[in-house]
Amino acid sequence: MTATIIGTVISAISAIICAYIAADNKKRGKIEDEKDRVREKREELRAKEGRLQLQMINANSQLTIGLAMAMKNGHCNGEVEEGLRAVKDANDAYVTFLEEVAIDNIRGK
């Protein structure tokens, strides 16, 4: 009879320990999923920012070439205006990106 009680107690304790471990694993899994989601969002933002920075560098190069050609030829032939337009477009896109990031941070995303 004592052996039966001891066996039952051991079985109950084992079941409780297993349930605790399962609950803890589930909790850790949710935390890891959230970390993965945050990491992916951060990677997306970095990629978008990288593309915008490349666009800004390209626009700056266009403007620089346009200014150099204008100085060399003594007059503007549209290259400066194209460069200015490219710089404005890149800057507008970057400002929009920063606003989106700021709004997401305010919302807590």
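For the structure, see preceding data.
This one's a predicted model, so the numbers in the text were calculated from it and none came from an experiment.

Asks: Mind showing me how you'd approach the environment of Lys41 here?
Replies: Tracing the chain through its elements places Lys41 in helix 1 (residues 2–73). As for Lys41 and Asp104, which are separated by 63 residues in sequence, their C-alpha atoms are 11 Å apart.

Asks: What should I look at first to understand the environment of Lys48 in this one?
Replies: On the secondary structure map, Lys48 appears in helix 1. With relative accessibility at 30%, the residue Lys48 sits in the partly exposed group. Sequence separation between Lys48 and Asp104 is 56 residues; the distance between their C-alpha atoms is 15 Å. For Lys48, the residues in contact, after removing those within four places along its chain, are Phe97 and Glu100. Polar contacts involving the side chain of Lys48 include one to the side chain of Glu100, which spans 3.1 Å.

Asks: Looking at this model, I keep getting lost on the packing of aromatic side chains. Mind explaining?
Replies: Centre-to-centre distance and the angle between the planes together describe a pair of aromatic rings. Applying the stated criterion to the full structure yields one aromatic pair. Taken together, a centroid distance of 6.0 Å and an interplanar angle of 35° make the contact between Tyr94 and Phe97 tilted. Here Tyr94 and its partner Phe97 are both found in helix 2 (residues 79–107), three residues apart, which amounts to about one turn of the helix. Judged on exposure class, the residue Tyr94 and its partner Phe97 are both buried.

Asks: Hey, could you run me through the pattern of salt bridges in this one?
Replies: In a structure, side chains of opposite charge can pair up when their charged atoms sit close to one another. Evaluated as defined, the whole model comprises seven salt bridges. One salt bridge connects Lys35 with Glu32, and the closest N-O pair in it is separated by 4.0 Å. Here Lys35 pairs with Glu32, and both are found in helix 1, just three residues apart, close to one helical turn.

Criteria and cut-off values
- Residues numbered from 1 in each chain as written.
- Predicted model: local features only at pLDDT ≥ 70, side-chain atom pairs only at ≥ 80, totals over all residues.
- Heavy atoms only, no water.
- Helix = DSSP H or I, 4+ residues; strand = E, 2+ residues; numbered from the N terminus.
- Buried < 20%, exposed > 50% of the residue type's maximum accessible area, 1.4 Å probe, protein only.
- Contact = heavy atoms within 4.5 Å.
- Polar contact = N/O pair within 3.5 Å; in protein donor to acceptor, adjacent residues only side chain to side chain.
- Phe/Tyr/Trp six-rings, centres within 6.5 Å; stacked < 30°, edge-to-face > 60°.
- Salt bridge = Lys/Arg side-chain N within 4 Å of Asp/Glu carboxyl O.

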